[in-house]
Amino acid sequence: QVQLVESGGGLVQPGGSLRLSCAASGIIAPINNMGWYRRAPGKQRELVADMTRGGNRNYANSVQGRFTISRDNTKNTVYLQMNSLKPEDTAVYYCRITFLSSTSWGPGTQVTVFS
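Everything in this summary refers to the structure shown in the same document. The structure displayed is predicted, hence computed values, not measured ones.

1. Side note on the overall build of the chain
Inference 1: A tally of regular secondary structure across the chain gives zero helices and eleven strands.
Inference 2: Listed N to C, the secondary structure of the chain is β-β-β-β-β-β-β-β-β-β-β in terms of helices and strands.
Inference 3: Here the C-alpha radius of gyration of the chain, 13 Å, is about what a compact globule of 115 residues would show, namely 13 Å.
Inference 4: Residues counted as buried form 43% of the 115 residues belonging to the chain.

2. Remarks on the pairing of strand β10 (residues 102-105)
Inference 1: For strand β9 (residues 91-99) and β10, the ladder comprises four bridges, and the chain directions are antiparallel. When the sheet's bridge partners are listed, R96 is paired in β10 with W105.
Inference 2: Here β9 folds back onto β10, and the loop between the two strands holds two residues, one of which, L100, carries a positive phi near 50°.

3. Comments concerning the sheet that holds strand β3 (residues 18-25)
Inference 1: Strands sit in the order β1-β3-β8-β7 across an open sheet of four strands; the sheet is antiparallel. What marks the edges here is a single partner per strand, and that holds for β1 (3-7) and β7 (67-72). Taking each pair of neighbouring strands and ignoring which way they run, the sheet shows an average axis angle of 15°.

4. Re the state of the cysteines
Inference 1: Going through the model one piece at a time under the given rule, you end up with one disulfide.
Inference 2: Two residues share a disulfide in this structure: C22 and C95, whose sulfurs sit 2.1 Å from each other. On the sign convention where negative is left-handed, the bridge of C22 and C95, at about -80° about the S-S bond, is left-handed. Of this pair, C22 sits in strand β3 while C95 sits in strand β9; the two residues are 73 residues apart in sequence, bridging distant segments of the chain.
Inference 3: We classify C22 as buried; its relative accessible area is 0%.

5. A look at the packing of aromatic side chains
Inference 1: Within the structure shown, the criterion is met by one aromatic pair.
Inference 2: Ring geometry for Y37 against W105: centres 5.0 Å apart, planes inclined by 65°, an arrangement best described as edge-to-face. Taken together, the residues Y37 in strand β4 (residues 34-39) and W105 in strand β10 connect sequence positions 68 residues apart.
Inference 3: Positioned above the aromatic ring of Y94, the side-chain terminus of R45 is 5.2 Å from the ring centre.
Inference 4: It is R45 that lies over the ring of W105; its NZ or CZ is 3.7 Å from the centre.

6. Description of the nonpolar core
Inference 1: In terms of nonpolar packing, the biggest core is built from 30 residues, with W36, L80, M82, Y93 and I97 touching the most fellow members.
Inference 2: Counting residues per element, the ones that place at least two in this core are β3, β4, β5 (46-51), β7, β8 (77-82), β9 and β11 (109-113).
Inference 3: A total of five residues in this core trace back to one element, the largest contributor, which is β9.

7. Describing unusual backbone geometry
Inference 1: At N76, a position not held by glycine, the phi torsion is positive, near 50°.
Inference 2: Here N76 shows up in the loop between β7 and β8.
Inference 3: Here N76 falls in the buried class, since its relative accessible area comes to 17%.
Inference 4: Of note in the backbone geometry, S84 takes a positive phi value of approximately 50° without being a glycine.
Inference 5: Secondary-structure assignment places S84 in the loop between β8 and β9.

Basis of the calculations
Residues numbered from 1 in each chain as written. Predicted model: local features only at pLDDT ≥ 70, side-chain atom pairs only at ≥ 80, totals over all residues. Heavy atoms only, no water. Helix = DSSP H or I, 4+ residues; strand = E, 2+ residues; numbered from the N terminus. Rg over C-alpha atoms; globule rule 2.2 N^0.38 Å. Buried < 20%, exposed > 50% of the residue type's maximum accessible area, 1.4 Å probe, protein only. Pairing = 2+ DSSP bridges. Axes fitted to C-alpha atoms, helices over the stretch in contact; angles between N-to-C directions. Disulfide = S-S within 2.5 Å. Phe/Tyr/Trp six-rings, centres within 6.5 Å; stacked < 30°, edge-to-face > 60°. Lys NZ or Arg CZ within 6 Å of the ring centre and 35° of its normal. Core = buried A, V, L, I, M, F, W, Y, C linked by side-chain atoms within 4.5 Å.

Nothing here speaks to function; it is geometry throughout.
Okay, structure coming up:
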């Protein structure tokens, strides 16, 4: 059974940094896309960043230049380095992967940026 385990969320002041990790297990096929989405209070879930197996990256405009997505295919793990965090980055962050014709989501990890 596919399982995604996220870690690295927490509380941080504006301007601070956090690094999220998401490790996938129970998968025997290559993972195509790995990415991060977020849902802020009262808002819909939105793409933050994703990355193809070949290394192509895609970022939301709101995080471009501040966040960096990376992945380790040998560990089936995706990372999100978040720098210069802002209060508007406060949200639950979800890991998402695609493989074969399937999509799996992580349970989410809370990121709170407070003044």
